[in-house]
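As a plain string of letters, each chain reads:
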Amino acid sequence: MGIQRWEIRPLEVWAKAKEMRAKWQQSIDDAEKEHVLLAQGNCNWAVGFPALRVIEDNPVGAMMGYRSSQFSRECRAAGEILGWGREICGYQLNCWGAMYLGYQMDGSKFPMRDMVVPFPDPCDQHTKRGQAPMDYSNIPRWQGDSPLYTGPHDPERDATMIENKVGTTLDIIADIERIYGQIFDDEKFIESINLAHRVREYAAEVCLSMQHIPAPLSQKDLYSFYTLGGLTKTDPEETVELWRMLRDEVKWRVDNNIAAVGTERYRWIEAHPPPWYFLRYYRYMEKYGAICIGSQYSHMMGGPFEFKEDGSWGPRVPLNSWGERPIKTREDALRAMFGDDARGHNFKVDEVIRPYAICEFAKAYKADGAIMPLWRGGVGCTVTRKEQGLRLSEIGVRVLHYEGSQPGDRTDQDETRLLDMLDVWMESQGLRKLED
Amino acid sequence: MITAGIDVGIENIKVVVLRDGTVIASGTARSGGAGRGKAIEQTWTDTLKAAGISATDITKVVATGQGKGDVPFANDSITEPLADARVALFLYPAARSVVDVGADQIRVVSLDEHGAITEVVLNQKCAAGIGTFLRTVARRLGYTLDEMSRIGGSSDNRVVVNDACCVFAELDAINLLHDGVAWQDIARAIHRAMAVRINSVLSDKVRPAKDTTVLIGGVARNPTLIAALEERSGINFMIPDQPEFAGALGAALDAAA
Amino acid sequence: MHRFKEVLDNRHEYAKNWKARTGGKVLGYFEPYTPEEVIYAASALPVRLLSRHEPDDMTDRNIYASCACARDIVNQVALGRFDYVDGITYAEACQWMRHAFISSQYFQSFSYTCDIFVPDYVDGHRSKDVMYSEMKAFKKSLEEWTSNTITDEALDHAIDVYNTNRRLMRQIYELRRADNPIVSGAEAMEMVLASQVMDKEDHNRMLQEVLKELPRRSHAGYPGPRLMLVGSPTSDANLERLVEELGAVVVIDELCTGSCYFWNEVIPQEDRLLALSLRYLGKPHCALKDNNWRRRPAHILQLYEDFNAQGVIIAKQIYCHPHGTDNPHIWKILRERIYPFHFLERDTTVPEREMKTRLEAFINLVEPVRVKLRG
């Protein structure tokens, strides 16, 4: 029987994404020269301060793992000498190791942070995040919490938890105004929240389009976009525009059956970040006509998802309805920001407390299999991963686990063995390579 | 029709030649590390000689094992679970699971009533190299593998060594030696710890059935380990006569299919 | 004194007897942030789920990585050791324990599970509000589960029993400040561990008796160098025993299963749940919750000085990420003061001989006079 072959085409909007990413990197490098403050963290409200830029150690550590195993090894060694455990998140070890060394991957000076505002996250490594620069150079640190619980919804508990986040953030903003003398621009912040909703709408559409056969994008494409507007903050309007362009192009690809992998015949999902230093495994799977259509992680830009009453899978807040809730004050904006994420199908919370959620994801995206890394380091990347594997097996989705240190840390990754395992796994499902 | 299977493992190379469903020759040699290519060639020619045939008599050669890519004369290669499944169903048509414990890997292959593979579980890294580890420890205790198995079986002492990590287990064994614990007791503890490790892989995802599970691989030649594993897992394994050749036989069967 | 170890070693039998005697329910908990007084006031027995060192071929199925403490709790559940436990609760602290909380439910069905959120930023302006809300939700769910109304009187009684226990344990620890302590580190650790698996009123009685007997105990003479133990939780006193066999003495610990468990009291106030919220938020920081306001370094140094320690053993469980992240700073503050320390990692088993060599070397470093290389 012949193999169905779909038309493939490169993504046109990719060039624009690359340009934006470079611009963001430049803004971080120039922070010191331009005398603006550099915050370690991922605060969506930072845009309200006129001279504050944010940088998170996740993308920095991931990029280092991707670009230079040699340099990230040096960074980890610098951290381990000072007492860091080997089970610690590789992103942190990469990033703070570079701080201890005093220079970045390209040899330029490490941009020291002026404050730490770790974003609320259920991963314990995020809870402790940013302590290294705080202990190293005596800078202030503000912490928000990520309240969550298992069990039935309790509106009273939910409300208190949202208020905790809103209140804590109001305090942090007031503290920064008081200490640094910068005036927070409410209008700009409110505008950015409204724009963020639009990014989310577009992103949700893009994510939903991955249910189409053939999938219009691959996981690698999704990863290229999700940091823009997620972890790396650039101009809000430009970000909305980028996502609109992506949405339009993806829609066109769906309408015309343009595929990311021309021989698509097997769809797999994954969990959490991939080994950034070994993205080759996506291409390797394509030899089998197997495409990765994403993970709860790479679909997070679409916001919280849920199963609808009719059985379909979609954004928790219906598309195009955010405008109905007026946002007039700083507090409204924060409440909108945290309220949307508070409960429901929030990828991170679900990963941590609800192994069953991944089954809903797998069903909605018509997944045949799941490749789920087991990371030795960085607790949030691994917690409940094997439970998820068991739940997926129960609904007939074949699961492959492989081990490694952490997405940004190559130490424990046995690449040859991983490729062998992929062969074993695919052949045991009756599939052989279409090309070699 | 004559077919052959060659299983290139981490420690040993195994070759099986099959004529119409009957094994006519088999051969094995050490994998030889960097000299693996030569060792494969040598084992292959020796086995053909023993069978009294030449390479041109063979219709198809299929390779398997982790070194399957290093067999230039093979017509095809298959991954190890396929070979495991083939041989298990050939020897025991009622088999529903195959457990393969070799020098390096532990594999559990589950089969449905039609013989199709429904699940494959591979060991995690911390359970890798059990066969190699047993050989190393035997050498440290001054025994061959067979001797260590025999004397371990004669002990009923309950001393323990770490069962999560072979390196820790070896450290524990050395500690026990220094503490004057009898060698047979240490040998027993080693086998029991490895049984825990293997059973951990058996407990993952799909648990093999009590009476329809085939055990193959070099480690299946170790009676003390099998006894410990059967006690730990509650499974009564079906074990072929030459379990270390099972992978190669599976490949030869695949070549004939 | 040996009775504490007996209870600890036979903790399952103790709890089963308690159930038979009282007809009450047993609620297992994973973390010391669990407000035990509320459970006690509901006439249930809070029991800390502690690990052991048994061969584990069950939990790889459900868990990857994870410290031996959390993983072995699941193993114990899988082996049916906790079959008398009716319900489990997890008060947010370490994520491995959350994993254990989730995976335990796979192996045993419990008639009650409750997840209590405890702020990671315990010292925040608004942390007490969310803690208080959680406390209320916990109380309500316990009332439903046990069919017992938790009255103010019951809470007062529970607070009194627990505060008494904390005071008595502090008295025991005070004895370790003496030049020649009459309580060893291993004994003290077994007392604290036993308190976490017992009815506190029973434990109080045992403590009161021991405190009466102890002054009559004879001093064994110079105990060797005085060491402090810092690091991940543990469920036995094996390390203390090993150190003390080698001729040193553990005079103080900063473990969440040790001194941090009982160090601070509930300061009573009209709103009992608020008093309890403040007590749990105010307890000595665990490594995870020591984030913005670092209380841990100062607390460690204070204990070191108060108990006149001469060196620190930092024992971390493999995969214990809160301590893995906190250690650089702890090493730094100890180095700054030239307090000697030795770092080691624990796992399911402790390779004793190798550990002995390391500890001997460290003890000799702390007290070089013990080794005569010349003359």
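Residues numbered from 1 in each chain as written. Chains lettered and ligands numbered in written order. Predicted model: local features only at pLDDT ≥ 70, side-chain atom pairs only at ≥ 80, totals over all residues. Heavy atoms only, no water.

Engineer: Whenever I open this one, the environment of His299 of chain A confuses me. Can you help?
Structural biologist: Residues and elements named next belong to chain A. Secondary-structure assignment places His299 in the loop between β7 (290-292) and β8 (305-307). The spatial distance from the C-alpha of His299 to the C-alpha of Pro122 is 17 Å, given a sequence separation of 177 residues. Once residues within four sequence positions are removed from consideration, His299 is found in contact with Cys207, Met210, Leu222, Ile293, Gly294, Phe305, Phe361 and Tyr365. (Helix = DSSP H or I, 4+ residues; strand = E, 2+ residues; numbered from the N terminus. Contact = heavy atoms within 4.5 Å.)

Engineer: Would you take a moment to explain the interface of chain A and chain C for this structure?
Structural biologist: How big an interface is tends to be stated in terms of accessible area lost as the parts join. With 50 residues of chain A at the contact, the number on the chain C side is 54 residues. Here chain A packs against chain C, burying approximately 4,200 Å² in sum over the two surfaces, 52% of which is carbon and sulfur. Interface area lost by chain A to chain C is led by Glu87, Asp124 and Lys128 of chain A, which between them contribute 14%. Run the count over chain A and chain C and you get five salt bridges. (Buried area = accessible area lost by both parts, 1.4 Å probe. Salt bridge = Lys/Arg side-chain N within 4 Å of Asp/Glu carboxyl O.)

Engineer: Please clarify how the pairing of strand β4 (residues 112-116) of chain C should be interpreted in this entry.
Structural biologist: Along a regular strand, successive side chains alternate from one face of the sheet to the other. Burial within β4 of chain C is extensive, with four of its five residues counted as buried. Following the chain from strand β3 (residues 87-91) of chain C across helix α5 (residues 95-107) of chain C to the adjacent parallel β4 of chain C, one finds a crossover that is right-handed. (Buried < 20%, exposed > 50% of the residue type's maximum accessible area, 1.4 Å probe, protein only. Right-handed = clockwise from strand over helix to strand, strands pointing away.)

Engineer: Looking at this model, I keep getting lost on the sheet that holds strand β5 (residues 76-77) of chain B. Mind explaining?
Structural biologist: Strands in a sheet are paired, the pairing made by backbone hydrogen bonds, and the direction either parallel or antiparallel. Residues and elements named next belong to chain B. What the five strands build is an open sheet, ordered β3-β2-β1-β4-β5; its pairing is mixed. This sheet does not close on itself; its edge strands, each paired only once, are β3 (22-30) and β5. Pairing analysis gives seven bridges linking strand β1 (residues 2-8) to strand β2 (residues 12-19), with the strands arranged antiparallel. Within β2, the position partnered with Thr3 by the bridge is Leu18. (Pairing = 2+ DSSP bridges.)

Engineer: How do you make sense of a negative patch on the surface when you look at a structure like this?
Structural biologist: A contiguous patch of negative charge, built from Asp185, Glu187, Glu191, Asp235 and Glu237 of chain A, is present on the exposed surface. Mapped onto the secondary structure, Glu187 of chain A falls in helix α8 (residues 186-209). (Patch = residues over 30% accessible without salt bridge, like charges linked within 9 Å, V, L, I, M, F, W, Y side chains within 5 Å. Areas by Shrake-Rupley, 256 points an atom, 1.4 Å probe, with all protein chains shown as cover. Lys, Arg positive; Asp, Glu negative; His and termini not counted. Charge placed at Lys NZ, Arg CZ, Asp CG, Glu CD.)

Engineer: Teacher, can you tell me more about the domain arrangement of chain B here?
Structural biologist: All names here are of chain B. Each domain of chain B was delimited in the assignment, giving domain 1 (2-81 + 246-256) and domain 2 (93-237). Put simply, the middle of domain 1 and the middle of domain 2, counted by C-alpha atoms, are 26 Å apart. The partner domain 2 presents ten residues to the eight residues of domain 1 that form the contact. In total, about 730 Å² of surface goes out of reach between domain 1 and domain 2, with carbon and sulfur atoms giving 58% of it. On the domain 1 side of the interface with domain 2, the three residues burying the most area are Glu11, Gln66 and Pro81, jointly 58% of the side's total. (Domains from an automatic or database assignment.)

Engineer: I keep staring at the packing of aromatic side chains and nothing clicks. Help me out?
Structural biologist: Aromatic rings in a pair are described by how distant their centres are and how their planes are angled relative to each other. For the structure shown, the criterion picks out 33 aromatic pairs over all chains. Seen in terms of ring centroids, Tyr223 of chain A and Tyr226 of chain A are 5.4 Å apart; in terms of plane orientation they differ by 65 degrees. Their pairing is edge-to-face. Highlighted residues: Tyr223 of chain A and Tyr226 of chain A, both in helix α9 (residues 219-226), separated by three residues, approximately one helical turn. Overall, the relative accessible area of 3% leaves Tyr226 of chain A in the buried class. Between Tyr40 of chain C and Tyr162 of chain C, the ring centres sit 5.5 Å apart and the planes meet at 75 degrees, which makes this aromatic pair edge-to-face. Here Tyr40 of chain C is found in helix α3 (residues 36-41), whereas its partner Tyr162 of chain C is found in helix α7 (residues 152-175), with 122 residues between them in sequence. On the basis of relative accessibility, which here comes to 11%, the residue Tyr40 of chain C falls in the buried class. Among the aromatic residues, those joined into a ring-pair cluster are Trp268, Tyr281, Tyr282, Trp375 and Tyr402 of chain A. One residue, Arg170 of chain C, lies across the ring of Trp263 of chain C, its end atom 3.8 Å from the ring centre. (Phe/Tyr/Trp six-rings, centres within 6.5 Å; stacked < 30°, edge-to-face > 60°. Lys NZ or Arg CZ within 6 Å of the ring centre and 35° of its normal.)

Engineer: Would you mind going over the packing of helix α5 (residues 166-178) of chain B against helix α6 (residues 183-202) of chain B with me for this structure?
Structural biologist: Angle between the axes and distance between the axes are the two parameters that describe a pair of packed helices. Residues and elements named next belong to chain B. At a closest axis distance of 10 Å, the pairing of α5 and α6 adopts a crossing angle of 165 degrees. Between α5 and α6, the crossing angle belongs to the class labelled roughly antiparallel. The handedness of the crossing between α5 and α6 is right-handed. Contacts from Cys166, Ala169, Ala173, Leu176 and Leu177 in α5 reach Trp183, Ile186, Ile190 and Met194 in α6. By residue class, the composition of the contact of α5 with α6 is nine nonpolar, no polar and no charged. (Axes fitted to C-alpha atoms, helices over the stretch in contact; angles between N-to-C directions. Parallel < 35°, antiparallel > 145°, perpendicular 65-115°, else oblique. Left-handed = near helix turned anticlockwise from the far one by under 90°. Nonpolar A, V, L, I, M, F, W, Y, C, P; charged D, E, K, R; others polar.)

Engineer: What is the right way to look at the sheet that holds strand β7 (residues 311-317) of chain C in this model?
Structural biologist: All names here are of chain C. Pairing is parallel across the open sheet formed by four strands, whose spatial order is β6-β5-β7-β8. Whereas interior strands pair on both sides, the edge strands pair on one side only; in this sheet they are β6 (249-254) and β8 (341-346). For this sheet, the mean inter-axis angle between neighbouring strands, taken without regard to orientation, is 25 degrees. Looking at chain direction, strand β5 (residues 226-231) and β7 are connected through five bridges and run parallel. Within the sheet, the bridge partner assigned to Gly231 lies in β7 and is Ala315. Against the sheet, helix α10 (residues 238-245) contacts β5, β6, β7 and β8, and its axis sits at roughly 150 degrees relative to β6. The strands touched by helix α15 (residues 352-366) within the sheet are β5, β7 and β8, with β8 carrying the most contacts at an inclination of about 165 degrees.

Engineer: Explain the interface of chain B and chain A here, please?
Structural biologist: With 21 residues of chain B in contact, the opposing surface of chain A contributes 19 residues. In terms of surface lost to chain A, no three residues of chain B exceed Thr79, Lys125 and Lys205 of chain B, which account for 35% of the buried area on that side. At the boundary of chain B and chain A, one finds four salt bridges. Here Arg432 of chain A ties to Asp76 of chain B by a salt bridge, and the two come within 3.4 Å at their closest N and O atoms. The interface formed by chain B and chain A includes ten residue pairs in polar contact (both at pLDDT 80 or more). Of all the elements in the fold, those that place two or more residues in the side of chain B that touches chain A are β5, α2 (80-91) and β8 (117-122) of chain B. (Polar contact = N/O pair within 3.5 Å; in protein donor to acceptor, adjacent residues only side chain to side chain.)

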